[in-house]
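Coordinate inspection notes
Now for the letters of each chain:
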Amino acid sequence: SSADTTAITTGSTVSLADRPFDVFVPSTYDSSTPMPLVVLLHGYGATGAIQEAYFGLQPLAEQRGFLYVHPDGTKDPLGNQFWNATDACCQRLTEDVDDVGYLMALVDDVSSRYSVDPDRIWFLGHSNGGFMSHRLACDRADRVAAIVSLAGATWLDESKCAPSEPVSVLQIHGTEDQTIDYDDGGALFFRGYPGAETTVSSWARKDACTGGLVPVDETLDLEVSLEGAESSVTRTSGCPVGVDVELWTIVGGAHIPGLSPTFTPMVVDWLFAHPKP
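First, a word on scope: everything that follows refers to the structure included in this document. (Residues numbered from 1 in each chain as written. Predicted model: local features only at pLDDT ≥ 70, side-chain atom pairs only at ≥ 80, totals over all residues. Heavy atoms only, no water.)

**Considerations on the pairing of strand β14 (residues 231-236)**
As defined by bridge partners, strand β13 (residues 213-220) adjoins β14 across six bridges and the pair is classed as antiparallel. Bridging from a neighbouring strand, Leu220 pairs with Ser231 of β14. As judged from the five bridges shared by β14 and strand β15 (residues 245-250), these two strands associate in the antiparallel manner. Among the inter-strand pairings, Ser231 is bridged to a residue of β15, identified as Ile250. (Pairing = 2+ DSSP bridges. Helix = DSSP H or I, 4+ residues; strand = E, 2+ residues; numbered from the N terminus.)

Have a look at this one:
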């Protein structure tokens, strides 16, 4: 089903009619039982369909039972689809797109037509979509229960992120990412972004976690072309009950890692473990 309504958000008009999207509804859907909603956000220059082909979430939406949307950003002056997330990625020359408003209007629209569990609204994204997931958690912590960012980052200027309540955050990042630097961060179009550990420690402070990043005695197989379980897990200690801030490091992983068959199921498991506290 496609959106055909125009939604008004505070401060700006967001037209869903101009940017239609499809909702995948699993066969187990029953309007008397609220279902989680997962929104997948594509990387810069990609599309929702390309991102779905990469992550393969739809079979899991059917299997695990969640409503699922993979919308499209708008086109920048170069003709590439993008999300207006942080100053670094990817406002470029177009700063007047209210993607926070659009994506919240999308959530409202899906919630008006289907029974959505308001405590289980989850965003995940790759690269620019990861940046956008962080932006949503900063701006709409009241609605977003948890986010997963693959090769994205939060604001470099921490004052630009002021969540109204804790949000669980999973940052997944390859150490050999040549586009969004894992270690020290960097700059895109002369605007800085933080590295993976800085992104996670920033969220730990926002979420009022009292401890640091602690290695977990667990390795994961996230990358299909790297031998064995190549990825390490670190988790912030002392977070509020029901809130986690984690970093999954793909040792040797690139900006667009070859996802293992277990990658998406593990990400979905993580989301299901993180409803609103």
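**Thoughts on a negative patch on the surface**
Together, Glu176, Asp183, Asp184 and Glu197 give the surface a local cluster of negative charge. Of note, Glu176 is situated in the loop between β10 (168-174) and β11 (186-188). (Patch = residues over 30% accessible without salt bridge, like charges linked within 9 Å, V, L, I, M, F, W, Y side chains within 5 Å. Areas by Shrake-Rupley, 256 points an atom, 1.4 Å probe, with all protein chains shown as cover. Salt bridge = Lys/Arg side-chain N within 4 Å of Asp/Glu carboxyl O. Lys, Arg positive; Asp, Glu negative; His and termini not counted. Charge placed at Lys NZ, Arg CZ, Asp CG, Glu CD.)

**Structural notes on the packing of aromatic side chains**
In the structure shown here, the tally under the stated rule is seven aromatic pairs. Each ring, one from Phe55 and one from Phe263, has its centre 5.9 Å from the other, and the planes form 65 degrees; the classification is edge-to-face. Of this pair, Phe55 sits in helix α1 (residues 48-55) while Phe263 is found in helix α6 (residues 263-272), placing the two residues 208 residues apart along the sequence. Linked through ring pairs, Phe66, Tyr68, Trp122 and Phe272 together constitute an aromatic cluster. In this structure, Arg19 packs its charged tip against the face of Tyr102, placed 3.7 Å from the ring centre. Against the face of Phe272 rests Arg64, its NZ or CZ located 4.5 Å from the ring centre. (Phe/Tyr/Trp six-rings, centres within 6.5 Å; stacked < 30°, edge-to-face > 60°. Lys NZ or Arg CZ within 6 Å of the ring centre and 35° of its normal.)

**Brief notes about the pairing of strand β4 (residues 35-41)**
For β4, the tally of buried residues reaches seven of seven residues, placing the bulk of the element in the interior. Pairing of β4 with strand β8 (residues 116-126) involves six bridges; the strand directions are parallel. Residue pairing in the sheet places Met35 in a bridge with Val116 of β8. Alignment of β4 against strand β5 (residues 67-69), held across three bridges, turns out to be parallel. Paired with Val39 across the bridge in β5 is Val69. (Buried < 20%, exposed > 50% of the residue type's maximum accessible area, 1.4 Å probe, protein only.)

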